[in-house]
Amino acid sequence: VKPPPFEYEQVESLDEAFELLTENADDAKVLAGGQSLIPLLSLRLTHPEMLIDINRIESLASWDDSAGLRIGALVRHRVAERAPEMVAANPLLAAAVKYIGHAAIRNRGTIGGSVAHADPAAELPAVMMALDGEMECLSRRGTRRLAAADFFLGYLTTALEPDELLVAVQLPAWVAGSGWSFREFSRRSGDFAIAGAAVVLQLDGAGAIADARIALSGVADTAVRATGAETLLIGQSPSEEAWAAAAAAAVADLEPPADLHGSASYRRHVAASMVRAALQEAAHRAEVPG
Ligand SMILES: Cc1cc2nc3c(=O)[nH]c(=O)nc-3n(C[C@H](O)[C@H](O)[C@H](O)COP(=O)(O)OP(=O)(O)OC[C@H]3O[C@@H](n4cnc5c(N)ncnc54)[C@H](O)[C@@H]3O)c2cc1C
């Protein structure tokens, strides 16, 4: 299937992008890696009159780990997966990115594109939720920094205004000794997940759980944080019983969408299994401080 006709504009600077976005806000779409947008165009599920290609805006393609990890929107998935400094700066992100599609898709796909696309089954929204990531949204009106919980509003829907660009995502500094895991289940390698879990655990000096972060993908119209399960874990010693109880709590109140890939109860079951496996792996990696 061929896309509907559109005007194509390649911009070299943020100024040029904002000029076009301001003039054509309701009729234009930003083109980054194109790994979601081009399929949507080809399936005629979106009909923008103009594509604004931002790939030549160099300032969006860099990242910086001097204060937490700030990742420009155009940084490709493959960089987060492979650049040793970036993997060290946030191993959960690196673990999650590996599950995105296939290598060819990760070579083109961008961090900003995945976050702006906001697919609830995608990996990066779950990582942003788990880590309390912040989205830097820029327009001619100025910068807005939105917490992940305020950014992801619904299925493929974010708080980005039509004249705004997502210019970067900001993650807090990685706490040394934290254990992490990203687990997801899909029928075939590279497919979107039926459900997934992003987990970070911190232990205290006595080996008890000092902090727990759990976010789920594929179980609601956005990625969700399992705060009840997190609270249950604080102060407990790592154990199979603790993981099982937290996994059950993480899915207890969920009403996942049913579709041809599985019923709601099947998705709940898969999500609980992913949480349990991710907790086991994160605990294995967590270090007792001191
Ligand atoms: C076979 C296949 C398998 C896939 N599997 C997965 C998977 O497992 N997990 C997963 O997460 N994704 C998967 N995808 C989707 C895709 O890889 C990601 O959603 C994609 O990489 C998004 O980044 P992009 O740069 O390609 O965005 P684009 O396709 O260019 O854009 C996506 C959307 O975000 C908007 N956008 C992009 N950048 C910005 C910006 N800076 N500011 C504002 N809006 C912006 C665009 O206008 C568009 O609406 C798969 C795709 C294919 C084709």
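As a starting point, this report considers the structure included with it.

Reading guide: rules and limits
- Residues numbered from 1 in each chain as written.
- Predicted model: local features only at pLDDT ≥ 70, side-chain atom pairs only at ≥ 80, totals over all residues.
- Heavy atoms only, no water.
- Helix = DSSP H or I, 4+ residues; strand = E, 2+ residues; numbered from the N terminus.
- Rg over C-alpha atoms; globule rule 2.2 N^0.38 Å.
- Buried < 20%, exposed > 50% of the residue type's maximum accessible area, 1.4 Å probe, protein only.
- Contact = heavy atoms within 4.5 Å.
- Areas by Shrake-Rupley, 256 points an atom, 1.4 Å probe, with all protein chains shown as cover.
- Pairing = 2+ DSSP bridges.
- Axes fitted to C-alpha atoms, helices over the stretch in contact; angles between N-to-C directions.
- Phe/Tyr/Trp six-rings, centres within 6.5 Å; stacked < 30°, edge-to-face > 60°.
- Parallel < 35°, antiparallel > 145°, perpendicular 65-115°, else oblique.
- Left-handed = near helix turned anticlockwise from the far one by under 90°.
- Nonpolar A, V, L, I, M, F, W, Y, C, P; charged D, E, K, R; others polar.
- Polar contact = N/O pair within 3.5 Å; in protein donor to acceptor, adjacent residues only side chain to side chain.
- Near = heavy atom within 4 Å.
- Core = buried A, V, L, I, M, F, W, Y, C linked by side-chain atoms within 4.5 Å.
- Salt bridge = Lys/Arg side-chain N within 4 Å of Asp/Glu carboxyl O.

Check the secondary structure of the chain and you find 12 helices and 14 strands. Taking 19 Å as the expected radius of gyration for a compact globule of 290 residues, we find that the chain reaches 19 Å, a close match to that expectation. Across its three principal axes, the chain shows a C-alpha extent of roughly 60 × 45 × 30 Å. Residue burial in the chain is summarised as follows: out of 290 residues, 51% are buried. Across the chain, the fraction of contacts at a sequence separation of at least 24, relative to all contacts at a separation of at least 6, is 62%. Just so you have it, the chain exposes about 13200 Å², and 51% of that area is on carbon and sulfur atoms.

Here we come to the sheet that holds strand E12 (residues 195–203). The strand order E11-E12-E13-E14 describes an open sheet built from 4 strands, whose pairing is antiparallel. Each edge of the open sheet is held by one strand with a lone partner, namely strand E11 (179–185) and strand E14 (224–225). As paired elements, E12 and strand E13 (residues 209–217) share 8 bridges and run antiparallel to each other. Across the sheet, Leu-201 pairs through a bridge with Ala-212, a residue of E13. Helix-sheet contacts for helix H12 (residues 264–285) involve E11, E12 and E13, and the interaxial angle to E11 is about 155°.

This part takes up the packing of aromatic side chains. Overall, the coordinates contain 3 aromatic pairs when judged by the stated rule. Their ring planes at 45° and their centres at 5.5 Å tell us that Tyr-99 and Phe-182 sit as a pair that is tilted. Highlighted residues: Tyr-99 in the loop between helix H5 (91–97) and helix H6 (103–108) and Phe-182 in strand E11, separated in sequence by 83 residues. On the numbers, 6.3 Å between centres and 75° between planes, the contact of Trp-174 with Trp-180 is edge-to-face.

This brings us to the packing of helix H11 (residues 240–252) against H12. Their axes nearest at 8 Å, the elements H11 and H12 cross at an angle of 140°. Considering the angle they form, H11 stands oblique to H12. As H11 runs across H12, the sense of the crossing is right-handed. For the pair H11 and H12, the contacting residues are Glu-240, Trp-243, Ala-244, Ala-246, Ala-247, Ala-250 and Val-251 in the first and Arg-268, Ala-271, Ala-272, Val-275, Arg-276, Leu-279, Gln-280 and Ala-283 in the second. Class assignment of the residues belonging to the contact of H11 with H12 gives a composition of 11 nonpolar, 1 polar and 3 charged.

Structurally, Ser-139 is set in strand E6 (residues 134–139). The exposure class of Ser-139 is buried, given its relative accessible area of 6%. Here the side chain of Ser-139 touches Arg-141 through a polar contact of 3.0 Å, landing on its backbone nitrogen. Contact partners of Ser-139, with chain neighbours within four places excluded, come to Phe-18, Asp-163 and Glu-164.

Another aspect to go through is the site of the ligand. Of all residues adjacent to the ligand, which total 30 residues, the nearest are Val-30, Gly-33, Ser-36, Leu-37 and Thr-110. The separation between an oxygen atom of the ligand and a polar main-chain atom of Gln-35 is 2.8 Å. Between the ligand and Thr-110 there is a distance of 2.6 Å, counted from an oxygen atom to a side-chain nitrogen or oxygen. Sorting the residues of the shell around the ligand by element identifies strand E2 (28–31), helix H7 (111–117) and strand E10 (165–171) as the ones contributing at least two each. By residue number, the principal contributor to the shell around the ligand is H7, which donates 4 residues.

Turning next to the environment of Val-30. With respect to the element layout, Val-30 can be found in strand E2. A C-alpha to C-alpha distance of 9.7 Å links Val-30 and Pro-162, two positions 132 residues apart in sequence. Not counting chain neighbours up to four residues away, the residues in contact with Val-30 comprise Leu-21, Leu-37, Ile-52, Ile-54 and Leu-165.

Moving on, we come to the nonpolar core. Grouped together as the largest cluster of nonpolar side chains are 38 residues, with contacts concentrated most on Ile-71, Leu-93, Val-115, Met-135 and Phe-152. No other element matches helix H8 (residues 123–130), which puts 6 residues into this core. If near-sequence neighbours (up to four positions away) are discounted, Val-115 is found in contact with Leu-124, Met-128, Met-135, Phe-151, Phe-152, Thr-158, Leu-166 and Val-169.

All chains considered together, the criterion is met by 17 salt bridges. The shortest N-O distance in the salt bridge between Glu-136 and Arg-70 comes to 3.0 Å. Here Glu-136, found in strand E6, pairs with Arg-70, found in strand E5 (residues 69–72); they are 66 residues apart in sequence, far enough to count as distant. Arg-70 sits in the partly exposed class, given a relative accessible area of 28%. Among the ionic pairs, Arg-78 bridges to Glu-81, the shortest N-O distance being 3.1 Å. Highlighted residues: Arg-78 and Glu-81, both in helix H3 (residues 77–82), separated by 3 residues, approximately one helical turn. For the pair Arg-78 and Glu-81, a shared accessibility class is recorded, and that class is buried. When salt bridges that share partners are traced, they join Asp-132, Asp-211, Arg-213, Arg-225 and Glu-230 into one network.

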